[in-house]
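Chain by chain, the residues run as shown.
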Amino acid sequence: MLDQKERGNKICIAMAAYVVAKAVLNMVLAKHFALVTLLVALAEAAVFFVRFKYVNYVLAAVLALTAIVYLPQNIANIGANWIYLLEGIIDIGCAALLCFNRDVKSVFYRLPNV
């Protein structure tokens, strides 16, 4: 059985992979390679492995704000933008995990065992 920190690490690895995969998917859909976009996604993924206290809330804010900024565009043209709307929903889910999941929070700072 996995302990709390191991489960949190696995979830963080999955979220970091998602952030990079999302950037690559967006470049494929746009049919345009953007090195800056890829570097930003890689930097954001790297921050998932920075073990400073409260950095999880910074990551959550970045993911949530990105989703919220693009939400009106994605809803207005939902037929063509359904994949982007799905990305936004996943971003909000990742932000919620970063803020509220005990396993994920234990990766960023020590919590008392229950």
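Throughout what follows, the structure given in this document is the object of discussion. Here the structure is a predicted model, which is why all the values come from computation and not from measurement. (Residues numbered from 1 in each chain as written. Predicted model: local features only at pLDDT ≥ 70, side-chain atom pairs only at ≥ 80, totals over all residues. Heavy atoms only, no water.)

So, on to the nonpolar core. Counting residues in each nonpolar core, the largest one holds 22 residues, and the members touching the most others are F48, L63, L98 and F108. Put simply, the parts of the chain that give this core at least two residues each are α1 (4-30), α2 (35-47), α3 (55-76), α4 (78-100) and α5 (102-108). When residues no more than four places from it in sequence are discounted, the contact partners of F48 are C12, M15, A16, V19, L59, L63, L98 and F108. (Core = buried A, V, L, I, M, F, W, Y, C linked by side-chain atoms within 4.5 Å. Buried < 20%, exposed > 50% of the residue type's maximum accessible area, 1.4 Å probe, protein only. Helix = DSSP H or I, 4+ residues; strand = E, 2+ residues; numbered from the N terminus. Contact = heavy atoms within 4.5 Å.)

Here the largest pocket defines a volume of roughly 550 Å³. What lines the largest pocket is a set of 23 residues, and nearest its centre among them are K22, N26, T66, Y70 and E87. Considering each element in turn, the lining of the largest pocket owes the most residues, seven residues, to α3. The class makeup of the residues in the lining of the largest pocket is twelve nonpolar, seven polar and four charged. (1 Å grid on protein atoms, 1.4 Å probe; cavity = no way out; pocket = protein on both sides within 12 Å on 5 of 7 lines; lining within 4 Å. Points joined across faces, edges and corners; volume = space filled by probe spheres on them. Nonpolar A, V, L, I, M, F, W, Y, C, P; charged D, E, K, R; others polar.)

Okay, the packing of aromatic side chains next. Counted under the stated rule, the structure contains two aromatic pairs. Between Y54 and Y109, the aromatic rings sit 5.8 Å apart at their centres with planes inclined by 50 degrees, giving tilted as the arrangement. Pair noted here: Y54 is in the loop between α2 and α3 and Y109 is in the segment after α5, with a separation of 55 residues, a long-range link. Owing to a relative accessible area of 46%, Y54 belongs among the partly exposed residues under this scheme. By the ring-pair criterion, three or more aromatic residues cluster together here, those being Y54, Y57 and Y109. When the ring centre of F108 is taken as reference, the NZ or CZ atom of R51 above it lies at 6.0 Å. In this structure, K53 packs its charged tip against the face of Y109, placed 5.7 Å from the ring centre. (Phe/Tyr/Trp six-rings, centres within 6.5 Å; stacked < 30°, edge-to-face > 60°. Lys NZ or Arg CZ within 6 Å of the ring centre and 35° of its normal.)

Our focus in this paragraph is the pattern of salt bridges. The final tally for this structure, using the stated rule, is two salt bridges. Its salt-bridge partner being D103, residue R7 comes within 3.0 Å of it at the nearest N-O pair. Placement of the pair is R7 in helix α1 and D103 in helix α5, with a sequence separation of 96 residues. The class of R7 is partly exposed, set by a relative accessible area of 31%. By relative accessible area, which is 15% here, D103 ends up buried. Here D91 and K22 are joined by a salt bridge, their closest N and O atoms 2.9 Å apart. One end of the pair, D91, is in helix α4; the other, K22, is in helix α1, and 69 residues separate them in sequence. You'll find D91 and K22 in the same group, each marked buried. (Salt bridge = Lys/Arg side-chain N within 4 Å of Asp/Glu carboxyl O.)

In short, shape yes, function no, at least from these values alone.
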